[in-house]
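Here are the chains, one letter per residue:
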Amino acid sequence: DTGVSQNPRHKITKRGQNVTFRCDPISEHNRLYWYRQTLGQGPEFLTYFQNEAQLEKSRLLSDRFSAERPKGSFSTLEIQRTEQGDSAMYLCASSLESNNEKLFFGSGTQLSVL
Amino acid sequence: QKEVEQNSGPLSVPEGAIASLNCTYSDRGSQSFFWYRQYSGKSPELIMSIYSNGDKEDGRFTAQLNKASQYVSLLIRDSQPSDSATYLCAVSGGGFKTIFGAGTRLFVKA
């Protein structure tokens with residue numbers, strides 16, 4: 001097991017296009033999180049899954065954002081009709097339910113919206 | 001008021017000195033407290049966790065928690081240039097959402 005894997009590492013898109021990111025968590029981790037980070041800021045919580053159930057979604061998250069975790073394994077984050085303000089690093093993290101919320105992060109997907 | 005507050009720095013210390021990083025949080029129901037290290041261009045990496053009042057030591061790192069004052073700190077002894085990074089304080093309220101501060105940039109001068 002090589003840790004949390006995210007694809008792609010970089011994504012450049014034009015405003016108005018849809019983009020989708022993938023996250024493969026550590027295999028035995030049943031909790032999966034999406035965060036967004038911009039320069040000079042800490043990671044901002046977007047959404048959380050326990051197994052396949054999406055249990056919490058940030059109130060700040062636009063309806064353009066949607067996440068899924070079919071079968072409780074990998075997860076996808078889709079952004080529809082991208083805007084320049086969506087440009088950020090999108091981080092995925094996973095944790096084990098019994099491990100007191102210790103998060104293990106992937107390398108992230110850097111999104112640039114032109 | 002931000003939920004987790006940190007001084008953005010940069011904090012500059014000479015090699016071999018003690019670096020002291022501080023964090024305050026607003027939710028009195030918070031139960032789990034973490035320090036993550038983030039090198040430039042990399043993702044955050046967990047270095048310390050603390051759950052009860054007092055000190056917790058791990059190698060050159062000591063985390064300190066004071067729930068009454070809603071204060072968390074991280075001490076790095078014998079600081080090395082390789083410790084130069086952004087240190088993120090993170091707090092979890094016993095639910096499933098971990099809130100991060102904006103981070104403190106640490107620079108250790110050789």
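Along each chain, residue indices are assigned from 1 in the same order as the chain's sequence is written. Chain letters start at A and ligand numbers start at 1, both assigned in the order the entries are written. Reporting in this predicted model follows two pLDDT cut-offs: at least 70 for local features of residues, and 80 or more for side-chain atom pairs to be given and counted; totals over whole chains, interfaces and linings ignore these cut-offs and use all residues. Hydrogens and waters are ignored; side-chain quantities use all the structure's heavy atoms.

### Here we look at the pattern of salt bridges
All names here are of chain A.
Phase 1: In what follows, salt bridge is the name for a side-chain nitrogen of Lys or Arg lying within 4 Å of a carboxyl oxygen of Asp or Glu. Counted by the stated rule, this structure contains nine salt bridges over all chains.
Phase 2: Here E101 and R31 are joined by a salt bridge, their closest N and O atoms 2.2 Å apart. Separated by 70 residues along the polypeptide, E101 in the loop between β9 (88–95) and β10 (104–105) and R31 in strand β4 (residues 31–37) bring together distant segments of the chain.
Phase 3: Here's how the labels work: a residue is buried when its accessible area is under 20% of the maximum for its type, exposed when over 50%, partly exposed in between, all with a 1.4 Å probe on protein chains only. Residue class for E101 comes out buried when judged on its relative accessible area of 7%.
Phase 4: A relative accessible area of 5% means that R31 is categorised as buried.
Phase 5: A salt bridge links R64 to D86; its shortest N-O distance comes to 2.8 Å. One end of the pair, R64, is in the loop between β6 (53–57) and β7 (65–68); the other, D86, is in the loop between β8 (75–79) and β9, with 22 residues separating them in the sequence.
Phase 6: Overall, the relative accessible area of 9% leaves R64 in the buried class. Helix numbers and strand numbers start at the N terminus; a helix is a DSSP run of H or I with at least 4 residues, a strand a run of E with at least 2.

### Thoughts on the interface of chain A and chain B
Interface extent is often summarised as the accessible area lost during association of the parts.
Phase 1: Residue contacts follow a heavy-atom distance rule, with two residues in contact if any of their heavy atoms lie within 4.5 Å. Contacts between chain A and chain B engage 22 residues on the former and 18 residues on the latter.
Phase 2: With both sides pooled, the region where chain A packs onto chain B buries about 1,600 Å², and carbon together with sulfur makes up 57% of that total.
Phase 3: At the surface where chain A touches chain B, the tally comes to one salt bridge.
Phase 4: The residue E56(A) makes a salt bridge to K97(B) at a minimum N-O spacing of 3.6 Å.
Phase 5: Elements that contribute at least two residues to the side of chain A that touches chain B include exactly β4, β5 (44–50) and β6 of chain A.
Phase 6: Sorting elements by how many residues they give to the side of chain A that touches chain B places β4(A) first, with four residues. Throughout, the accessible surface (probe 1.4 Å) given up by two parts as they are put together, summed over both, is called the buried area.

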